[in-house]
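Per-entry structural report
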Amino acid sequence: MKLHSPVPERRTRLEIIPLIDVMFFLLASFMMVSLTMTKQQTIKVNLPVASSAQSDFKPDMINLAVNAAGDVFFDKSSITLPEMDRRLAERFGKDPATPVYISADVNTRYADLVKVLDAAKRVGFTKVAFNVKPSNAAQPKP
């Protein structure tokens, strides 16, 4: 003998719309977090201050640095100028549109900075910029 329940039988349904909403939220969250995780990989130098400076670091770039003593660094490693020319030529061969960022200490001699800039331009890089530290006075006043 089979007993029947007075409650009507309903089929179980899997609602997929809320699942899609959750997945889009997670995707957007991970994308936003990954954008804030990029960091510049250079040595610590005391950068000069500029009022129009903006932070625009990208993971695929070349970081050159010159300290106050005139030592040149290529992505945190100390190198000589001929070695820097060779490594810049290698990177130019892979991607000529790679941006080159030059960091220099406030007390760096102008001649040392020009040697690094000239090496990057001589190899053929066209996107060369100097890293500067933004000043607090750079915010527009209402």
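Here, the structure is the one placed above.
Cut-offs used in this document
Residues numbered from 1 in each chain as written. Predicted model: local features only at pLDDT ≥ 70, side-chain atom pairs only at ≥ 80, totals over all residues. Heavy atoms only, no water. Pairing = 2+ DSSP bridges. Helix = DSSP H or I, 4+ residues; strand = E, 2+ residues; numbered from the N terminus. Axes fitted to C-alpha atoms, helices over the stretch in contact; angles between N-to-C directions. Contact = heavy atoms within 4.5 Å. Left-handed = near helix turned anticlockwise from the far one by under 90°. Nonpolar A, V, L, I, M, F, W, Y, C, P; charged D, E, K, R; others polar. Buried < 20%, exposed > 50% of the residue type's maximum accessible area, 1.4 Å probe, protein only. Right-handed = clockwise from strand over helix to strand, strands pointing away. Core = buried A, V, L, I, M, F, W, Y, C linked by side-chain atoms within 4.5 Å.

1. Focus on the sheet that holds strand E6 (residues 128–130)
Here we have 5 strands laid out as an open sheet, ordered E4-E3-E2-E5-E6, and mixed in their pairing. Each edge of the open sheet is held by one strand with a lone partner, namely strand E4 (77–79) and E6. Looking at each pair of strands side by side, their axes are set apart by 30° on average, direction ignored. Sheet topology places strand E3 (residues 72–74) next to E4; 3 bridges connect them, and they run antiparallel. Within the sheet, the bridge partner assigned to valine 72 lies in E4 and is isoleucine 79. Sheet contacts for helix H2 (residues 81–94): strand E2 (62–66), E3 and E4; angle to E3, the most-contacted strand, approximately 25°.

2. Quick word on the packing of H2 against helix H3 (residues 110–123)
Look at H2 against H3: their axes get within 9 Å of each other, and the N-to-C directions meet at 35°. Along this stretch, H2 crosses H3, giving a crossing that reads as right-handed. Here H2 contributes Leu81, Met84, Asp85, Leu88, Ala89 and Phe92 to the contact with H3, which in turn contributes Lys115, Val116, Ala119, Ala120, Arg122 and Val123. Residues of the contact of H2 with H3, tallied by class, amount to 9 nonpolar, no polar and 3 charged.

3. Describing the pairing of strand E5 (residues 100–104)
Counting buried residues in E5 gives 5 out of 5 residues, a clear majority hidden from the surface. By the alternation rule, side chains of E5 split into Val100, Ile102 and Ala104 and Tyr101 and Ser103, which are all buried. Two elements, E2 and E5, share 5 bridges in a ladder whose sense is parallel. Within the sheet, the bridge partner assigned to isoleucine 62 lies in E5 and is valine 100. The pairing of E5 with E6 spans 3 bridges and is classified as parallel. The residue bridging isoleucine 102 from the neighbouring strand is phenylalanine 130, located in E6. Taken together, E5, H3 and E6 form a β-α-β motif whose crossover is right-handed.

4. What about the nonpolar core?
Residues Ile62, Leu64, Phe74, Met84, Leu88, Val100 and Val116 are the most contacted members of the largest nonpolar core, which totals 16 residues. Listed by contribution, the elements that provide at least two residues to this core are E2, E3, H2, E5 and H3. By residue number, the principal contributor to this core is H3, which donates 4 residues. Not counting chain neighbours up to four residues away, the residues in contact with valine 116 comprise Leu64, Val66, Val72, Met84 and Ile102.

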